[in-house]
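One letter stands for each residue in the lines below.
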Amino acid sequence: MTKKYFWLISSVIVFVCGYVVHIAYEVSNRAAWSILVSSNNDSPWEMTKPFALVYIMFVFIELSCLRPSLLHFVCSKIIMLHGFALLSVTLLEIFGKIPAVLIFVSLCVSEFLSYRINSSKCRIELFSIPIFISFVLFFAVLLFASVYPPNIFPFI
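This report concerns the structure included in the present document. Quick caveat: nothing in here was measured; it's all calculated off a predicted structure.

### Describing the packing of aromatic side chains
Phase 1 of the analysis: Applying the stated criterion across every chain yields a total of eight aromatic pairs.
Phase 2 of the analysis: Ring geometry for Phe15 against Phe104: centres 5.4 Å apart, planes inclined by 75°, an arrangement best described as edge-to-face. Highlighted residues: Phe15 in helix H1 (residues 6–22) and Phe104 in helix H6 (residues 99–119), separated in sequence by 89 residues.
Phase 3 of the analysis: A relative accessible area of 17% places Phe15 in the buried class.
Phase 4 of the analysis: Residue classification places Phe104 among the partly exposed positions, given a relative accessible area of 27%.
Phase 5 of the analysis: Considering the side-chain rings of Tyr55 and Phe84, the 6.2 Å spacing of their centres and the 10° angle between planes classify their relative orientation as stacked. Of the two residues, Tyr55 is situated in helix H4 (residues 44–66) and Phe84 in helix H5 (residues 70–94); the sequence distance between them amounts to 29 residues. Exposure class is identical for Tyr55 and Phe84. Each is buried.
Phase 6 of the analysis: Joined through ring pairs, the aromatic side chains of Phe6, Phe73 and Tyr115 make up one cluster.

Below you can see the structure in the form of structure tokens.
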């Protein structure tokens with residue numbers, strides 16, 4: 001029963017912890033460390049960033065609790081990390097008035113789909129090298145686009 005609804009449990013945990021990280025910039029009185037992990041402004045990317053970081057860190061807890069096939073599970077989580085970022089940035093740009101609800105919906109959709117991909121027989125681990133390269137690039141943008149944001153759509 002718990003494994004069946006673990007996607008919902010993980011969505012709630014990632015949202016709550018992500019919200020704490022989201023407000024860390026203001027709570028820490030604009031400390032230097034919080035620029036890397038917290039939201040610095042109201043751009044769609046900055047609103048998504050703390051939740052994506054918590055999503056990445058929560059994968060380790062999910063691996064400990066669920067003990068799935070490592071490569072298949074991690075590949076499905078990385079693919080849906082990209083899906084979460086794309087969906088939340090798009091929703092925040094279109095319907096920006098209620099960001100918390102939109103991010104929670106994006107988290108629920110991405111968690112649900114990552115568990116569906118993981119339970120499917122689709123052999124996504126065959127593409128593990130490009131998936132891991134995309135993750136490294138995504139993580140670099142996640143950390144350093146706050147310090148030096150490019151002047152393009154999701155960052156402004």
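### Description of the nonpolar core
Phase 1 of the analysis: In terms of nonpolar packing, the biggest core is built from 39 residues, with Trp45, Ile103, Leu107, Phe138 and Leu142 touching the most fellow members.
Phase 2 of the analysis: For this core, the secondary structure elements donating two or more residues are H1, H4, H5, H6 and helix H7 (128–144).
Phase 3 of the analysis: With 12 residues, the top contributor of residues to this core is H4.
Phase 4 of the analysis: Those residues in contact with Ile103, other than ones at most four positions away along the chain, are Phe15, Met47, Phe51, Phe84 and Leu92.

About the cut-offs
Residues numbered from 1 in each chain as written. Predicted model: local features only at pLDDT ≥ 70, side-chain atom pairs only at ≥ 80, totals over all residues. Heavy atoms only, no water. Phe/Tyr/Trp six-rings, centres within 6.5 Å; stacked < 30°, edge-to-face > 60°. Helix = DSSP H or I, 4+ residues; strand = E, 2+ residues; numbered from the N terminus. Buried < 20%, exposed > 50% of the residue type's maximum accessible area, 1.4 Å probe, protein only. Core = buried A, V, L, I, M, F, W, Y, C linked by side-chain atoms within 4.5 Å. Contact = heavy atoms within 4.5 Å.

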